[in-house]
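Observations on chain architecture
Each chain, letter by letter, is given below.
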Amino acid sequence: DLFKQGYRAIFLAVGAHQDQKLGIPGEENPRVIPGVVFLRKVNLGEKVEVGQRVAVIGGGNVAIDAARTALRTGAKEVTIIYRRSRDEMPAYEEDVEEAEAEGIKFQFLSAPAEVVSKDRETISLRCIKMELGEPDASGRKRPIPIQGSDFLVEVNNVISAIGQTPDLSSLEGMGIETTPR
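Let me sum up the structure you'll find in this document. (Residues numbered from 1 in each chain as written. Predicted model: local features only at pLDDT ≥ 70, side-chain atom pairs only at ≥ 80, totals over all residues. Heavy atoms only, no water.)

This part is about the pairing of strand E10 (residues 157-160). A regular strand places its side chains on the two faces of the sheet in alternate fashion. With burial as the criterion, each face of E10 is covered, one bearing Asn 157 and Ile 159 and the other bearing Val 158 and Ser 160. Pairing geometry for strand E2 (residues 32-34) and E10, over three bridges, is parallel. Each bridged residue has a counterpart across the sheet, and for Pro 34 the counterpart in E10 is Ser 160. Sheet topology note: the strand E3 (residues 53-57)/E10 ladder contains four bridges and is parallel. (Buried < 20%, exposed > 50% of the residue type's maximum accessible area, 1.4 Å probe, protein only. Helix = DSSP H or I, 4+ residues; strand = E, 2+ residues; numbered from the N terminus. Pairing = 2+ DSSP bridges.)

Moving on, we come to helix H3 (residues 93-102). Listing the buried residues of H3 in full gives Asp 95, Val 96 and Ala 99. Projection of H3 onto a plane perpendicular to its axis shows the buried side chains occupying an angular sector of 100 degrees, all on one side. Facing away from the buried side of H3, by more than 90 degrees, are the exposed residues Glu 94 and Ala 101. In this structure, the buried side of H3 is in contact with helix H2 (61-72) and strand E5 (105-107). After H3 finishes, the residue Gly 103 shows a positive phi value of roughly 105 degrees. (Arc of directions from axis to C-beta. Contact = heavy atoms within 4.5 Å.)

Another aspect to go through is the nonpolar core. One finds Phe 38, Val 54, Val 56, Ile 64, Val 78 and Phe 106 to be the most contacted residues of the largest nonpolar core, which totals 26 residues. For this core, the secondary structure elements donating two or more residues are helix H1 (35-43), E3, H2, strand E4 (77-81) and H3. (Core = buried A, V, L, I, M, F, W, Y, C linked by side-chain atoms within 4.5 Å.)

Both the distance between ring centres and the angle between the ring planes are used here to describe each pair of aromatic rings. All told, the structure shown has one aromatic pair when counted by the stated rule. With a centroid separation of 5.4 Å and 10 degrees between ring planes, the pair formed by Phe 106 and Phe 108 is classed as stacked. When its relative accessible area of 18% is taken as the criterion, Phe 106 is described as buried. (Phe/Tyr/Trp six-rings, centres within 6.5 Å; stacked < 30°, edge-to-face > 60°.)

To continue, consider the pattern of salt bridges. For the coordinates displayed, the defined rule picks out 10 salt bridges. Here Arg 126 ties to Asp 150 by a salt bridge, and the two come within 2.3 Å at their closest N and O atoms. Here Arg 126 is found in strand E7 (residues 123-135), whereas its partner Asp 150 is found in the loop between strand E8 (141-145) and strand E9 (151-155), with 24 residues between them in sequence. Within this structure, Arg 68, Arg 72, Glu 98 and Glu 102 form a network of salt bridges that share partners. (Salt bridge = Lys/Arg side-chain N within 4 Å of Asp/Glu carboxyl O.)

Attention now moves to the side chain of Thr 79. As for its position among the elements, Thr 79 is in strand E4. Contact partners of Thr 79, with chain neighbours within four places excluded, come to Val 54, Ala 55, Val 56, Lys 105, Phe 106 and Gln 107.

Pasting the structure below:
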């Protein structure tokens, strides 16, 4: 209707509320929670149970928010696992410093490789150490896995916060053209 009224462009600001998957075996485990889902539930006042130990995957603002929120909702130990170094983290520096002051731990140069179900309350997160190579398209040094450096992290929950995309499913069949941005 807006196009029929003479408008040539429409800007839809729907936000980025659809989580990106880790792409590793075992991530469908119910103890793995997408960061945006976790934060939405907490902000809507829904009951969200986290265990004593929580691993948050990612280095952006959602990862920092999820880690701090997990601590405030009952976790005793929260560790952010990030595949690059602190210098490459896209999160706001002030928020990273506040997370550290609250007791959030950081495991840099590490990436998840598999979620291994252990029992009803605990999962093992198999991670691999990384080293930094040449810069990638983002301008940050590209993380490269170090073969044979696997290690296990025992946790009760994993919160995945590696990025979000817009959910454009509501536009399907409407003939609206979108761009990658």
